[in-house]
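Chains, contacts and geometry: an overview
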Amino acid sequence: MNNRPRPIKPQKPRSWLKTVLFVQFCLLTVNNALTAPGWDEWGHLPSGLYHLQFGEYRPSCVNPPLVRSVAAIPVWLVGGGFDKQISNEFLGYRPERALANRFFNQHGLWVFLYFFLAREMLVPVTLFGTWLLFSVCRDLYGEIGANTAISLWTFSPMVLTYGPSLVPDQSAMVAGLWCIVSFRAWLDQKTLSSVLKVGFTLFLSLASKFTWVVMPVLLIAIWLVDSRCFVKQRMAWRSDAKQIVAAALLCLFLLNLLYEFSGTGKQLREFQFASETLSGLGHDGKTLQFGNKFENSWWGILPVPVPSAMLEGIDIQRRDFESELDSYLFGKRQNRGWIHYYIVGMFLKEPVAIWLLFGGWFFLGRDKSLNWSKQEVYTFIPGVAVFVLVSSQTGFNHHLRYVLPAFLVLYILAAKAASVLWNLPWGKGLVVIFLSWYCASSLLLVPWSYAYFSEAIGGSSNGWRYMDNSNLDWGQDLYTALMWVYQNPDSGPFYVLYSLPQAQIESVVPSLYDGRNHLETQLGESSFVPAKSGTWIVFSQILTQPEGTWFRNKTPEFELSPTIRVYRVDVASKLSHAQDGEKIE
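With that out of the way, let us pick up the overall build of the chain. Regarding its fold elements, the chain presents 21 helices and nine strands. Out of the 585 residues in the chain, the part that is buried amounts to 57%. For the chain, restricting intrachain contacts to residue pairs at least 6 apart in sequence, the fraction spanning at least 24 positions comes to 72%.

Under the criterion given, the structure shown has six cavities of 30 Å³ or more. Of the pockets and cavities examined, the largest cavity occupies roughly 120 Å³. For the largest cavity, the lining is made up of 14 residues, of which T35, R119, T161, Y450 and Q476 are closest to its centre. Element by element, the count of residues in the lining of the largest cavity is highest for helix α7 (residues 157-162), at three residues. Broken down by class, the residue content of the lining of the largest cavity amounts to six nonpolar, six polar and two charged. When its volume is computed, the second largest cavity comes out at roughly 80 Å³. Residue assignment for the lining of the second largest cavity shows that the elements contributing at least two residues are α8 (169-188), α16 (374-392) and α17 (404-421). Taken together, the residues of the lining of the second largest cavity sort by class into nine nonpolar, three polar and no charged.

This part is about a nonpolar patch on the surface. A cluster of nonpolar side chains, contributed by V70, I73, L77, V78 and M121, occupies part of the molecular surface with about 420 Å² of accessible area. In this structure, L77 sits in helix α3 (residues 66-77). Note on L77: relative accessible area 68%, which makes it exposed.

On to the side chain of D477, then. Residue position: D477 is located in the loop between α18 (427-443) and α19 (478-487). If we skip the residues at most four places from it in the chain, D477 touches W448, Y450, F539, S561, T563 and I564.

Our next topic: the sheet that holds strand β7 (residues 534-539). The mixed open sheet is built from five strands, whose spatial order is β4-β3-β7-β9-β8. Looking along the sheet, the strands with just one partner apiece sit at the ends: β4 (512-514) and β8 (558-561). Mean inter-strand twist for the sheet, computed between neighbouring axes without regard to direction, equals 30 degrees. For strand β3 (residues 494-497) and β7, the ladder comprises four bridges, and the chain directions are parallel. Its bridge partner being in β7, F494 is matched across the sheet by T535.

Approximately 720 Å³ is the volume found for the second largest pocket. In this structure, the second largest pocket is lined by 29 residues; those nearest its centre are F210, T211, V213, V214 and I314. Contributing elements (two or more residues each) for the lining of the second largest pocket: α9 (192-208), α10 (215-230), α11 (234-258), α12 (276-279), α13 (308-322) and α16. Here the lining of the second largest pocket gets seven residues from one element, more than from any other, and that element is α13. Considered class by class, the residues forming the lining of the second largest pocket number 21 nonpolar, five polar and three charged.

Here α13 is 15 residues long and its end C-alpha atoms lie 21 Å apart, about the 21 Å a rise of 1.5 Å per residue gives. Among the residues of α13, those classed as buried are S308, A309, M310, L311, G313, D315, I316, Q317, R319, D320, F321 and E322. Taken from the residues just after α13, E324 is the one with a positive phi, measuring 55 degrees.

Another aspect to go through is the pattern of salt bridges. Taken as a whole and assessed by the stated rule, the structure comprises ten salt bridges. With its nearest N and O atoms 3.5 Å apart, the salt bridge here joins K190 to D240. Of this pair, K190 sits in the loop between α8 and α9 while D240 sits in helix α11; the two residues are 50 residues apart in sequence, bridging distant segments of the chain. Relative accessible area serves as the criterion here: at 3%, D240 is assigned to the buried category. Among the salt bridges present, the one from K416 reaches E376, with a minimum N-O distance of 3.2 Å. Separated by 40 residues along the polypeptide, K416 in helix α17 and E376 in helix α16 bring together distant segments of the chain. Judged on exposure class, the residue K416 and its partner E376 are both buried. Three or more residues joined by partner-sharing salt bridges are found here, namely D40, D169, K209 and R401.

This paragraph deals with the nonpolar core. Generally speaking, nonpolar side chains in soluble globular proteins are found buried as a group. In this structure, W536 and F551 are the most contacted members of the largest nonpolar core, which totals 131 residues. If near-sequence neighbours (up to four positions away) are discounted, W536 is found in contact with Y495, L497, G515, H518, L519, P530, A531, F551, R565, V566, Y567 and V569. Residues F115, F494, L500 and L512 belong to the second largest nonpolar core, which totals 37 residues.

Rules used in this analysis
- Residues numbered from 1 in each chain as written.
- Predicted model: local features only at pLDDT ≥ 70, side-chain atom pairs only at ≥ 80, totals over all residues.
- Heavy atoms only, no water.
- Helix = DSSP H or I, 4+ residues; strand = E, 2+ residues; numbered from the N terminus.
- Buried < 20%, exposed > 50% of the residue type's maximum accessible area, 1.4 Å probe, protein only.
- Contact = heavy atoms within 4.5 Å.
- 1 Å grid on protein atoms, 1.4 Å probe; cavity = no way out; pocket = protein on both sides within 12 Å on 5 of 7 lines; lining within 4 Å.
- Points joined across faces, edges and corners; volume = space filled by probe spheres on them.
- Nonpolar A, V, L, I, M, F, W, Y, C, P; charged D, E, K, R; others polar.
- Patch = residues over 30% accessible without salt bridge, like charges linked within 9 Å, V, L, I, M, F, W, Y side chains within 5 Å.
- Areas by Shrake-Rupley, 256 points an atom, 1.4 Å probe, with all protein chains shown as cover.
- Salt bridge = Lys/Arg side-chain N within 4 Å of Asp/Glu carboxyl O.
- Pairing = 2+ DSSP bridges.
- Axes fitted to C-alpha atoms, helices over the stretch in contact; angles between N-to-C directions.
- Expected span 1.5 Å × (residues − 1).
- Core = buried A, V, L, I, M, F, W, Y, C linked by side-chain atoms within 4.5 Å.

This is how it looks when you write it as structure tokens:
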């Protein structure tokens with residue numbers, strides 16, 4: 001009998017990963033259940049259903065259909081689709097808006113259950129992102145770095161906001177990380193399976209968000225640099241080029257398959273474009289004009305190798321960036337954006353603790369982390385490239401979510417910082433303090449993570465003074481307002497200044513009125529005061545707009561949440577205080 005003890009196999013310490021995944025699932029589900037659909041989500045779910053039912057990809061074509069189509073599957077299965085197809089003439093230029101109205105009219109309050117099901121369908125994407133981030137950072141910085149990265153990622157206000165959301169930014173961020181990790185693996189081991197994985201993950205990136213049109217260029221640039229520095233054989237270049245072409249063809253095939261090859265091969269001259277870039281026509285951002293700058297050139301006869309809806313979506317998105325739309329930052333409005341908008345936004349929307357962690361790294365451990373591996377640099381390139389590209393588009397600034405891949409770079413850098421500090425005197429204590437601070441700061445605002453603003457500016461109650469749109473309030477706190485109205489029927493009539501225009505809130509509660517229909521001009525052509533006595537429920541987004549002029553410097557009766565203020569208005573006495581409104585430039 002062999003009494004020798006069996007050798008103990010080293011166990012990979014993943015207990016923290018399992019804990020984080022469970023906590024993250026709970027937090028994302030809570031945020032999903034307690035927050036209403038945001039502005040763009042109202043168009044994404046109906047559009048996804050429309051894709052599944054009728055194979056029509058024009059609705060919400062400014063983003064690829066993959067994310068919303070996957071999210072719509074459970075809703076479709078339980079009968080939440082459309083009863084009939086709608087004519088293209090009725091749908092118009094931006095079909096998702098008409099579909100959103102039709103969806104609500106057909107299903108009524110059931111739509112809120114449908115949105116919960118659709119959002120929950122996307123939660124596993126964020127969980128997969130957690131595992132992927134852990135694997136990347138463990139390979140680069142060890143267990144401490146990996147645990148730091150997934151802690152920041154899990155409790156990040158941005159991740160908690162967009163993890164359970166139908167906008168594709170979170171899914172695109174995860175797909176982009178998976179793509180660059182797969183490409184890094186292909187650079188080290190060029191096998192058939194690694195080629196297929198690169199093609200597939202590149203498809204997922206391009207099928208999630210059009211921002212990743214830069215990804216193929218980035219991958220080729222990385223390959224050229226890597227080959228020049230680390231590969232000397234000419235034959236290796238030729239073999240690599242063949243594999244890259246194979247991955248690109250796989251990606252192109254899957255993209256066309258996603259759109260069911262709708263419009264693939266259509267000649268370029270047959271399109272009608274709205275953007276100045278592709279139409280060749282100037283526009284003022286208000287008048288819609290269509291044209292085709294390639295119509296009379298030899299370029300026009302070329303067949304387009306991608307679905308027509310994909311090219312049309314890129315054209316519409318390009319037109320938006322050319323239109324110089326109304327933008328808001330630090331209390332100022334203007335008809336263009338700012339090149340510094342996103343870097344400022346990152347400071348405003350992240351807890352102070354992460355910047356203190358970087359400060360500790362800079363002052364205490366800078367000399368111990370000067371070496372950067374090529375794996376690190378390659379991992380950072382996509383996120384940095386997206387940040388630079390999006391920041392350069394100053395036609396408008398509305399959403400910090402456009403640069404979510406840059407937040408991923410931030411958390412990976414924090415993993416490096418923590419791995420360095422951990423081995424220094426007092427370093428462990430600093431890492432634990434800063435991570436605990438970060439997590440607590442974010443948790444205190446759940447489920448209003450979308451409205452998180454840094455302690456440095458006084459927290460979320462002051463967020464409306466700095467940023468607007470999805471950075472502040474996209475209408476997600478509708479449930480809080482409705483619940484309070486149901487519990488306090490004697491406080492009516494209720495006038496709601498809701499974040500979403502053309503919202504059908506009056507059909508939800510009989511005594512609930514759209515406050516925009518009950519404002520009057522008193523302070524000038526673009527400023528308004530309430531025209532009716534009663535209880536006014538004002539969402540934070542309104543405070544950044546002319547409709548909120550009168551309410552901005554008034555003390556609310558109370559605050560229902562970080563994004564809802566309640567005012568008691570007496571029309572007879574309000575006029576004497578009308579000049580108290582603070583003017584936004």
